[in-house]
Amino acid sequence: MDVFMMIRRQKLTLFIDAKESSTVLELKKMIEGITKVPSNNIRLIVDSTKQPMDDDNQTLADCGLSGAVAKAYSPTLLYLCYRKTGNENEWEPIDVAELSTPPPLPDVFNKPDDDKKDNTQIAS
């Protein structure tokens, strides 16, 4: 079954789907193809547990990511962290910018409630 993930770091947001049987390394390779950062310099952290996915041989299912939980309309959130330059054992902290808010709807979409009643009666 497919696992849908939203992967965030600073202002970067990636939407990726993979099979439950995919390994962490395969997921990191997908991210490497997009970000051009080597997979050995990538760390993924599951939002719900704050646990790093450090074992590259684990499957996504082993990490608690399943298609039953990570749906296309509600993907699992993972944080992306890079290894600090010049230090093999240090990782940057989780750093995610807030998502922007959408602009207000134009007035044409904000009609009075009376118009909505008329439309539902016509549809019946």
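Details of the structure are given in the entry above.
This text gives an overview of the structure that appears in the document. What you see is a predicted model; the values in this text were computed from it and never measured. (Residues numbered from 1 in each chain as written. Predicted model: local features only at pLDDT ≥ 70, side-chain atom pairs only at ≥ 80, totals over all residues. Heavy atoms only, no water.)

As for the overall build of the protein
The line we're drawing: Only DSSP runs of H or I with at least four residues qualify as helices, and only runs of E with at least two residues qualify as strands; both kinds are numbered from the N terminus onward. Categorising residues by exposure relies on relative accessible area from a 1.4 Å probe, with only protein chains included: less than 20% of the type maximum marks a residue as buried, more than 50% marks it as exposed, and the intermediate range marks it as partly exposed. Pairs of residues are marked as contacts when any of their non-hydrogen atoms sit within 4.5 Å. Using a 1.4 Å probe, accessible areas were evaluated by the Shrake-Rupley method; residue-level cover was limited to the displayed protein chains.
Helix and strand counts for the protein stand at 2 helices and 4 strands. In sequence order, the secondary structure elements of the protein are arranged as β-β-α-β-β-α. Here the protein holds 124 residues, and the buried ones make up 32% of them. Taking contacts inside the protein between residues at least 6 apart in sequence as the whole, the part at least 24 apart equals 57%. Element-wise, carbon and sulfur atoms account for 52% of the exposed surface of the protein, whose accessible area totals about 8400 Å².

Some thoughts on the side chain of Ser22
Mapped onto the fold, Ser22 is located in the loop between β2 (12-19) and α1 (24-35). Beyond its immediate stretch of four places on either side in the chain, Ser22 contacts Gln58, Thr59 and Leu60.

So, the nonpolar core
Condition: Nonpolar cores are built from buried Ala, Val, Leu, Ile, Met, Phe, Trp, Tyr and Cys residues. Side-chain atoms within 4.5 Å join them into one set.
Met5, Ile7, Leu27, Ile31 and Met53 are the most contacted members of the largest nonpolar core, which totals 21 residues. In this structure, Met53 is in contact with Val24, Leu27, Lys28, Leu44, Val46, Leu60, Cys63, Leu65 and Leu78, ignoring residues within four places of it in sequence.

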